[in-house]
Protein chains: 2
Amino acid sequence: MFDYNGSFQSAVAVLKREHRYRVFVDLERKVGQFPHALWNSPTGKRDVVVWCSNDYLGMGQHPKLIDAMCAAARTMGTGAGGTRNISGTNRALVELEAELADLHSKEAALVFTSGYVSNHTGIATIAKLLPDCLILSDALNHNSMIEGVRAADCSKQIWRHNDLKHLEELLCRAAAGRPKLIVFESVYSMDGDVAPLEAICDLAERHGAMTYLDEVHAVGMYGRRGGGIAERDGVMARIDVIEGTLAKAFGTLGGYIAGRSAIVDAVRSHAPGFIFTTALPPSIAAAATASIAHLKTSGAERAAQRAAVAATKAALREAGLPVLDTETHIVPVMVGDPAKCKQASDLLLDRHGIYIQPINYPTVPRGTERLRITPTPAHDVRLVRQLADAMVSVWHDLGIALGRYHQPGDQRAQTVAAGG
Amino acid sequence: MFDYNGSFQSAVAVLKREHRYRVFVDLERKVGQFPHALWNSPTGKRDVVVWCSNDYLGMGQHPKLIDAMCAAARTMGTGAGGTRNISGTNRALVELEAELADLHSKEAALVFTSGYVSNHTGIATIAKLLPDCLILSDALNHNSMIEGVRAADCSKQIWRHNDLKHLEELLCRAAAGRPKLIVFESVYSMDGDVAPLEAICDLAERHGAMTYLDEVHAVGMYGRRGGGIAERDGVMARIDVIEGTLAKAFGTLGGYIAGRSAIVDAVRSHAPGFIFTTALPPSIAAAATASIAHLKTSGAERAAQRAAVAATKAALREAGLPVLDTETHIVPVMVGDPAKCKQASDLLLDRHGIYIQPINYPTVPRGTERLRITPTPAHDVRLVRQLADAMVSVWHDLGIALGRYHQPGDQRAQTVAAGG
């Protein structure tokens, strides 16, 4: 008889050997005190400062969101009670979809239980509805997009990350009348770099391709109303499908797509990951709507985030830490070794009360292991100073090289999947 | 240039022609008044009685859940702020997983953003970790399991629904030492029938197969502590992986698996649909834990549900409506025609203020279209009477045959996917 338990144990043992075994940090956030949180460590509760949250603007502790969530729970209950089609469509969700369509100036929007699901089932469904579709996918796309492309079960081509020439070559090679779907992100989560949206739109229009843009690391944070990089760059109307999340800058849970009614209705009617799953609870939807509405008119959070990001980059660079250059709110500090990356993270947590999760393969390519820092409006100058000092001390303790980071040539293009 | 919009429009037009186009009913539940809800109809707000909710026990409006949700939101915020690995593991989620492991008397449990995702990524990951795995899948498994089997990308065989002889045949044909994964449900959602769990466990043990059981339509409702049919039948310890949902009887959102630590750790470490997605917010986790804890000790909701189900079945049968025989809380009333099924649902809503979504292909096989009724503890005798009268009146108006339903031979086995 087959040894099932042995199989599962050895699958985990491999990860341990390669320093890729993930140990979750059990956190208790305290509303009003974020980025401070309680860490339920093996030896008891300890205060830590979280420096790697994707609650990028700290909206998860905003009174408007908390009030909206509680009010909805008290009036409409804690669950949706069904799929969207079978009793699960609730008022709060309908309002959220209207808010999202407005945010992206699109005819319609559709909410999913997560950004992961929206990419997975969204990309697969769109591609399947187009006869003989060719998908053109950026090499550094997130795992949810890769899985969506895979599930589409059509032909695909991978273009080198943000390489317009390569994308153009592939577009030129495809037949003119063939449906083509270009899938890409605006802000890439691990390197914090930004896609040339306008040039991609130019290429798409010239070659009759459809565009599907993942803005999960941008919505709420870029553009006048938080519509993302596409809003910032003035190309929102030229993107066919904008995909976003409610679980990062918007501080709640869920994902969505926005686009023309015909597209959204087709996905709504055909996507298994949308049809066969329980709808988001009204409490989550109401909190998300409050967040989006707030960030449409308030620029204060975006300005404070930009200031904290600039201060952090400056302090770390000045301290001689190998910061990867980015134009976004994502600040990767490179280590380049999985064991040291994990040790650095452990030391920061144990000795300095600073929580930054190590990012190892397969989330980033081997040799580019890093600490990924995301300063929020709540990270003040004192915390930035503390961070820089602690990191320098840890770098010394572990004998990791200080000094400017030199990006290896092609390595980034090997990334398997980002974000987990 | 390819006409994208035309493609999407015609994909939807097909559904309209076949009476399969889904129109969502925009509901506003009122805590304390469920199953009453406000329907935001095209002509304004109307009071309706919901008869098709999967909030099977009405826990979504239970004060304990609402209080737990609000307390967690007020203390820990509205979002998790990251994936489980990157700052998203929160105390409430850790407690929820301990509660779930205890519910099913398993070493460990793992929470996903939905039951759909737990099946999809759970089944695929488990099968991929077993060399040359053979999946044996029940013919009526839910779409999330079908997609999980597909994503596993290994050999699979479909056994006729609940047919032990067929399952045994397939097991006998497979090599003795080969890993085999039997995936099946306990309560099937559209017909409300129950799998012979004990006999399946016997077969699995005899043939050295692993068992993966979906209990989403059973947890909270069957077994002494709400552990599901496996608890009721005394076979919980013989099932390797129990998958469940927090979004039906438990009244919130999310899904999970429970099993031995080695299995759960392997899935935790390898499943893309778990790794690369934001964790559930503490508010959802806290409400779910409160619900499970309550239903572990309180049998009142289960007893009241059984009474409402018995009363509903009796009243509909007495009225001559074609009720499908079931031993569970799911009460299908057969129509057998997609257009009439939709019309019956529309008439019930418009004229009688009764909301029951039509269930058409592909959720059920063509020719077995139905109204699927799920009585909860909140559906009292008066509402049951009202329902029976309204349905008889609609059946007359539409000229649908009354009388006992005779199940067609093989047709159920053609089901493509259930539950949406």
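Quantities reported herein were computed from a predicted structural model and do not represent experimental measurements.

Parameters at a glance
Residues numbered from 1 in each chain as written. Chains lettered and ligands numbered in written order. Predicted model: local features only at pLDDT ≥ 70, side-chain atom pairs only at ≥ 80, totals over all residues. Heavy atoms only, no water. Helix = DSSP H or I, 4+ residues; strand = E, 2+ residues; numbered from the N terminus. Buried < 20%, exposed > 50% of the residue type's maximum accessible area, 1.4 Å probe, protein only. Contact = heavy atoms within 4.5 Å. Buried area = accessible area lost by both parts, 1.4 Å probe. Salt bridge = Lys/Arg side-chain N within 4 Å of Asp/Glu carboxyl O. Polar contact = N/O pair within 3.5 Å; in protein donor to acceptor, adjacent residues only side chain to side chain. Nonpolar A, V, L, I, M, F, W, Y, C, P; charged D, E, K, R; others polar. Least-squares fit on C-alpha atoms with pLDDT ≥ 70 in both. pLDDT = per-residue confidence, 0-100. Pairing = 2+ DSSP bridges.

## Examining unusual backbone geometry
Trans peptide bonds make up the majority, and among non-glycine residues the majority have a negative phi.
No. 1: Looking along the chain, the bond that leaves Phe34 of chain A and enters Pro35 of chain A is cis, with omega of 15°.
No. 2: A cis geometry characterises the amide bond from Tyr361 of chain A onward to Pro362 of chain A, with omega recorded as 10°.
No. 3: The residue Asp132 of chain B is not glycine, and still its phi comes out positive at about 55°.
No. 4: By secondary structure assignment, the location of Asp132 of chain B is in the loop between helix H5 (115-129) and strand E5 (134-138).
No. 5: Under the relative-accessibility criterion, Asp132 of chain B is labelled exposed at 54%.

## With respect to the interface of chain B and chain A
No. 1: On the side of chain A, 104 residues touch chain B, which itself brings 104 residues to the contact.
No. 2: The contact between chain B and chain A buries some 8,700 Å² in all, and 62% of this surface belongs to carbon and sulfur atoms.
No. 3: When the buried area of chain B at its contact with chain A is split by residue, Phe8, Phe24 and Phe276 of chain B rank highest and sum to 10% of it.
No. 4: Between the two partners, chain B and chain A, sit 4 salt bridges.
No. 5: In this structure, the salt-bridge partner of Arg91 of chain A is Asp26 of chain B, at a minimum N-O distance of 2.6 Å.
No. 6: Where chain B touches chain A, the interface holds 40 residue pairs in polar contact (both at pLDDT 80 or more).
No. 7: Tallied by class, the residues present in the side of chain B that touches chain A amount to 52 nonpolar, 35 polar and 17 charged.

## What about the relation of the copies chain B and chain A?
No. 1: Of the transformation placing chain B onto chain A, the axial shift is 0.0 Å and the rotation is 180°, giving an RMSD of 0.0 Å. The superposition operator between the copies reduces to a two-fold rotation axis. Looking at the rotation axis and the C-alpha trace of chain B, the residue lying nearest is Cys70 of chain B, at 2.6 Å.

## Digging into the confidence of the model for chain A
Reading fine detail from the predicted coordinates is not recommended where pLDDT is low.
All names here are of chain A.
No. 1: Here chain A shows a mean pLDDT of 95. Residues at 70 or above account for 97%.
No. 2: Taken together, the stretch residues 410-418 has pLDDT below 50 and engages in 33 contacts with residues farther than four places along the chain or on a different chain.
No. 3: Predicted complex metrics record ipTM = 0.96 and pTM = 0.96.

## As for the pairing of strand E7 (residues 180-185) of chain B
Residue and element names in this part refer to chain B.
No. 1: Of all 6 residues in E7, 6 are buried; the element is thus mostly enclosed.
No. 2: Of the two faces of E7, the one holding Lys180, Ile182 and Phe184 and the one holding Leu181, Val183 and Glu185 are both buried throughout.
No. 3: Two elements, E5 and E7, share 4 bridges in a ladder whose sense is parallel. Within E7, the position partnered with Leu134 by the bridge is Lys180.

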